Amino acid sequence: MDISSENKMVREMARDFARGEVAPIAEKMDEEAKLDADLIPKMAELGFWGIPWPEEYGGAGMDVMSYIIAVEELSRADGSTGITLAAHTSLGTYPIFAFGTEEQKQKYMPPLCKGEHLGAMGLTEPDAGSDAGGTKTIAVDDGDSWILNGTKTFITNSEHAGTFVIAAVTDTEARPKTRGISAFIIERDDKGFSIGKHENKMGLRGSSTTELIMEDCRLPKDRLLGELNKGFTVFMKTLDGGRISIGALALGVGQGAFDEALKYSQEREQFDQAICNFQGVQWMLADSATKLEASRHLVYHAARRYTRGDDYSREAAFAKYFAAVTCREVCNDAVQIHGGYGYIKEFPVERMYRDAKLMEIGEGTNEIHKLVIARSLIRNGYPAHDFE
Ligand SMILES: Cc1cc2nc3c(=O)[nH]c(=O)nc-3n(C[C@H](O)[C@H](O)[C@H](O)COP(=O)(O)OP(=O)(O)OC[C@H]3O[C@@H](n4cnc5c(N)ncnc54)[C@H](O)[C@@H]3O)c2cc1C
């Protein structure tokens, strides 16, 4: 596939790191249900945490394709490490880069890009998931500060994050309700802010997912991110880009499971021959590789549109939706090809199968992606852009 020499260099670097440093500890992180904190400084040394951001803010100044490829390669070894990088970059850092004032960017981007701490984004609440317009966290104007109260749920990276981009209602009368939401930056040590329950998850157990609690959390006025009451746009734009990175995460996890399945099918013998000789197994391999190849084209296509500055909202939804379904199907076939061994924790496909399910839920469920795609079809027709 047509990628730049810089993209190829990042792929080699990320692949080596994933094989050498991540794959050997993936099972342990899954079992202990926590990210190995040593990965953060190790990844910082190689510049992982700031790949697509300008050097003036501490980033590596590379394109989004390099970042997407890095997420793919890390996820091929371990989905938890992949989602940690994806949530940090696309959810925790992007909104500050895209909507922050110059002062906010100067203050918050360098430590994020250097991996001094991670970034996180808190949109989801116990009663507001797909319907983010139902946000209940409230921010009240108190003269020289904002006072926030509310709870966020399922927030990735919380345990290691230093900054959190949070959605809160600033105009309770606004209709539709999405016009009364604003974005805020919370720092980990802000008074009234705390990390709540750590979720005991099915998969991606090596990534941190917690509640966030704001109890009379007082923020200086300059923590408003973007314009007052325009926060919904901040979050929707952020999710558009985030979808490309979850597409890359799904692609990587699926590719990792396929790698294992192909290898196993050549080694495992039944009826006096390798099981890859059986047509039933070959069909699973062929279907998996075909769908992974299609996912890669969709994910890279969306990343290219993003890099060029073209509209990428629908392409990101295509990519995330297709790659997520593919990831679950490919992981299912990988377990099937392993037979009983695929059900045993010693074999990585068991973990990958559990990790895969999140792809169809996080950053918009499959059903919400179909809504996003269908609305765009009705509004813009198809194809909306000349295909390149
Ligand atoms: C591991 C993990 C990490 C996450 N990380 C983050 C994070 O970092 N930050 C963050 O803000 N959130 C995060 N989330 C939250 C995630 O984005 C939400 O779980 C997701 O958006 C779905 O919301 P929900 O769980 O409330 O499900 P609901 O919205 O309650 O959906 C339940 C079901 O109803 C369906 N449904 C809902 N509305 C419609 C509709 N209009 N049409 C058709 N079907 C519909 C859904 O598709 C789904 O099948 C994370 C979640 C998980 C599990």
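Since the model is a prediction, treat every value here as computed from it, not as a measurement.

Student: Looking at this structure, I do not really get unusual backbone geometry. What am I missing?
Tutor: Glycine aside, the phi torsion of most residues is negative, and most peptide linkages are trans. Looking along the chain, the bond that leaves R175 and enters P176 is cis, with omega of -5°. Tracing the chain through its elements places P176 in the loop between β4 (161-169) and β5 (181-187). Residue P383 is reached from Y382 by a cis peptide bond, and omega for that bond is -5°. With respect to the helices and strands, the residue P383 is situated in the segment after α10 (366-380).

Student: Please explain helix α5 (residues 102-113) as it appears in this structure.
Tutor: Given 3.6 residues per helical turn, the α-helix brings residues three or four places apart onto the same face. For α5, with 12 residues, the first-to-last C-alpha span of 16 Å sits near the 16 Å given by 1.5 Å per residue. Of the positions making up α5, those classed as buried are Y108, M109, L112 and C113. Seen from one end, α5 has its buried residues packed into an arc of 120°, which puts them on one side. Contacts from the buried residues of α5 go to α4 (79-99), β1 (118-122), β4 and β5. Backbone geometry just after α5 places G115 at a positive phi near 70°.

Student: Quick question: what am I supposed to make of the domain arrangement of the protein chain here?
Tutor: Where interface size is given, it is often the accessible area lost as the parts come together that is meant. Taken domain by domain, the protein chain comprises domain 1 (5-118), domain 2 (120-229) and domain 3 (233-380). Each side of the interface is counted separately: domain 1 has 25 residues, and domain 3 has 25 residues. Of all elements in the fold, only α1 (5-32), α3 (64-77) and α4 reach the threshold of two or more residues within the side of domain 1 that touches domain 3. Looking at the side of domain 1 that touches domain 3, the element that brings in the most residues is α4, giving 11 residues. Classifying every residue of the side of domain 1 that touches domain 3 gives 14 nonpolar, 5 polar and 6 charged.

Student: It is not clear to me how helix α8 (residues 313-338) should be interpreted in this structure. Could you clarify?
Tutor: Its 26 residues give α8 an end-to-end C-alpha distance of 37 Å, which sits within 8% of 38 Å, the value for a rise of 1.5 Å per residue. For α8, a buried count of 22 out of 26 residues is recorded, marking the element as mostly surrounded by other parts of the structure. Following α8 by one or two positions, G339 adopts a phi angle in the positive range, close to 60°.

Conventions and cut-offs
Residues numbered from 1 in each chain as written. Predicted model: local features only at pLDDT ≥ 70, side-chain atom pairs only at ≥ 80, totals over all residues. Helix = DSSP H or I, 4+ residues; strand = E, 2+ residues; numbered from the N terminus. Expected span 1.5 Å × (residues − 1). Buried ≥ 20, exposed ≤ 12 C-beta atoms within 10 Å, placed from the backbone. Arc of directions from axis to C-beta. Contact = placed C-beta atoms within 7 Å. Domains from an automatic or database assignment. Nonpolar A, V, L, I, M, F, W, Y, C, P; charged D, E, K, R; others polar.

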